[in-house]
Every structure is written in structure tokens, then in C-alpha cells.
Amino acid sequence: PDGSGRIAVTMQIDEDRLKLTKDTRAELFSADLFSRAVRIDLGTSNTLVYVKSKGIVVSEPTIVVVESSNERKVRAVGDDAKIMLGRTTEGVMAVRPMREGVITDFDMTQILLQYFTRKAVGSSYLVKPRLFLTYPCSISGIERRAVMEAAKYSGGRKVYLVEKPFAAALGSGLPVFDPSGCMIVDIGGGTTDVSVISLGGVVISHSIRVGGVKMDEAIINFIKREFNILIGDRTAEEVKLDLGAALPIREERRARIRGRDMVTNLPQTTEITSTQIYQAIHEPCSAILSAIKWVLERTPPELAADVMHNGIYITGGGSLLYGMDQMIASELGIPVLLAKESMDCAALGLGNIIENFDLLQHL
Ligand code: ADP
Ligand code: MG
């Protein structure tokens, strides 16, 4: 009795639990009603922003250009910053704030997130947006916290993190809630994430710090070694997109590349063949294959059988490398499918989350 004649009943635990799910639901629902939920796929190479009823509104490189003397003075972000990469004048520097799936420059990440969020929803909102972000499953608790903090500082009212492979699987339209295993491999710029998903959760996952950027570095090293020519990151990426392949190409192709001769220090051009580029990027490609094998070997037998049957889905920019799907399929004897909209699917997956209440429990 509480003195007023009534009897106070305590149902602490149950009520709390009820309240939590109710509140979260209502909160998330209202978040979407007013379009104040912003979904960000923060990648090492590219950042995508998804807003309900608009779709993907930002898809730009993860690069910031600031003044060297005052890092708060931002010159350019995203596309504009990429053009300046490797061509900045004195007093200005271009920063890639993420490396291998991890934040290496906290302040710059925050600036980037703030800029892209504003670009997506404008800064006129009185209420700060809720942010949904992806993160690679390999990163440590501290690194995950850094993502969370950067998003909060950038103006997020509340931040939710979703595992990258899960978002990618959802965005590729895989039946993630079925009692059947499916494997998804996200080959991004800095990391490759391999996971098996079943019944709405990640059963097993593995992430290696190898992706498109490692391929670019391998090309730079190859050209340095074979031709004594130093080329920039951008040139290396262009060569990869142009000639790169995970399998030897039957009809050999050639391209001219420009760089700096390491002996004379003068500009120099040379011709390079697709076979040479294939050799140069062979190592990172095998590392990706090994990561997939590693997961397959540790997948419970029933789920492994499902993967054999359903095939392996590959997504991310690196999955677009010529012959990547065939290489994995022929090495493992499992069908490999290139996910639709492979560079966008993680962002699209985040977009699906609120629309599907079942997903809430996974946040
Ligand atoms: P992240 O999510 O880590 O930012 P993305 O999924 O956006 O990465 O992929 C970016 C990487 O994919 C870059 O290294 C880029 O060079 C590479 N990439 C994009 N298109 C292709 C292609 N057609 N062939 C090979 N690599 C590609
Ligand atoms: Mg990505």
C-alpha cells in the first residue's frame, strides 16, 4: 500500500522491456515519417547516403580537402575533393579519413559525415537526424566506438550501427530471414567482408584488410619494380579499372601510363599489358579467395550445403573486377552471383531496415 489506499504493483522488468520495444518502434517509425533518418554507408573509398522517398542522394568518394594551417577550414569534400587528390597546392591537403575500414582521422570523418548529412537533408531541420551507419565486422570495439562518436559529433541525434554484410545482403534482396544460409562477400576499397547469414543474423563472418586499394598498391609496386616508374594512386586505379582482371584475359589489351622515372626524375610513359596487371593484382585476389575458403571451412554443415546450393553473392566495387566471379566460382566449384547494384546495396539495405519492423531487434 502506498498510503493513499491504493496498492502499488511493481512490474519493473517486464514494463521496462515493453517500454523499450514500444518506444524504439515509435521512435523509429516517427523518424521515418518525417524523413529525419539518414542512412550512411561509410566506406573506405566511397560514402553513400540514403534518404527515404529520395533513395541514394549522395554517392561520393570518402575524401576531404582542408587547409594545412587550419584543419577546420574545409576546401572540398567528396567528388570535388577527389579531383584535387594528388594535385593539391601548398597549404592545402587532401585526406582520406578512413583506411582499411577503420577511421584513421577522427576530425575529418566527422566533417565528412556532417557535410554529407547536410547535403542529404539540409541544415534547416530543427530536429537533428538519426543516423544509421554500416561498419565492417572485423573492427574492434574501440574502432566501432569511434564510428559512433564521429557520427554523434557530426550532428546525429541518435546513432545506430548495422553490420556491413547484413546491410549488403538485405540490399541485394537476399532472403536473410529464411532458415537457409546465404553467403555474401563485400569487396570494398579497404576491406573484404565475408559472412554467412541465416534467420536474420550473421552466423559466421570474417574480414580481411584487403580490397580495391590493396590492388592499386600492388599495381604501383609492380610498375615501380618492373619499369622504375612511380605512378600515383589515381593512375593506378584507372589502370586497374581499364585492364585489371582476376583471371588471365585471352585477348591481351594494352594501355599507356604516365609517371615519374625514378632514375632521371623526369616524366615518363610506358606501355603496360593486361597480363602484367593480372600478375600484379594476383596476390590480393588470392587473399580474397582464401578469406572465402576460411569462412566456408568454418560454416556449419547444413548452412554450407545451403551456400553450395544457393551460391555466393559478391558485392562492393571490387566485385566488378573483370573475372572476379568466375575466378571464385572455378576455384571453389560453387556458383557465384554478382549482386544487383553492387556498389549501392549496403546503402539500400540500410534503407530497408526501418520499413521492416522485424529488423529492429538486430539493431
Ligand atoms: P567501400 O565501400 O570500401 O568504400 P566500394 O564498394 O565503394 O568500397 O568499392 C570501391 C573500390 O572498388 C575501389 O577500390 C575501386 O577502385 C573499386 N572498383 C570500382 N569499380 C571497379 C571495377 N569496375 N573493377 C575493379 N575495381 C573497381
Ligand atoms: Mg561499400
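Residues numbered from 1 in each chain as written. Chains lettered and ligands numbered in written order. Predicted model: local features only at pLDDT ≥ 70, side-chain atom pairs only at ≥ 80, totals over all residues. Heavy atoms only, no water.

Draft legend 1. Representation of the pattern of salt bridges within the structure. One pass over the structure, following the stated rule, counts 13 salt bridges. Where Lys82 meets Glu237, a salt bridge forms, and the shortest distance between an N and an O atom there is 3.5 Å. With a gap of 155 residues between them, Lys82 in helix α2 (residues 79–84) and Glu237 in helix α7 (residues 233–243) connect regions that are remote in the sequence. The class of Lys82 is partly exposed, set by a relative accessible area of 25%. Two residues, Arg209 and Glu143, come together in a salt bridge whose shortest N-O distance is 3.6 Å. Of this pair, Arg209 sits in the loop between β13 (201–208) and α6 (212–227) while Glu143 sits in helix α4 (residues 141–153), and the two are 66 residues apart along the sequence. The exposure class assigned to Glu143 is partly exposed, which follows from its relative accessible area of 21%. Within this structure, Glu252, Arg254, Arg256 and Glu271 form a network of salt bridges that share partners. (Salt bridge = Lys/Arg side-chain N within 4 Å of Asp/Glu carboxyl O. Helix = DSSP H or I, 4+ residues; strand = E, 2+ residues; numbered from the N terminus. Buried < 20%, exposed > 50% of the residue type's maximum accessible area, 1.4 Å probe, protein only.)

Draft legend 2. Representation of the confidence of the model for the protein chain in the model. Chain-level pLDDT for the protein chain is 85 on average; 87% of the residues reach the 70-or-more range. Predicted confidence in the protein chain is weakest over helix α1 (residues 12–33), with a mean pLDDT of 46, and strongest over helix α9 (residues 282–298), with 97. Predicted confidence for residues 7–22 stays below pLDDT 50, and this span has 1 contact to residues more than four positions away or in other chains. (pLDDT = per-residue confidence, 0-100. Contact = heavy atoms within 4.5 Å.)

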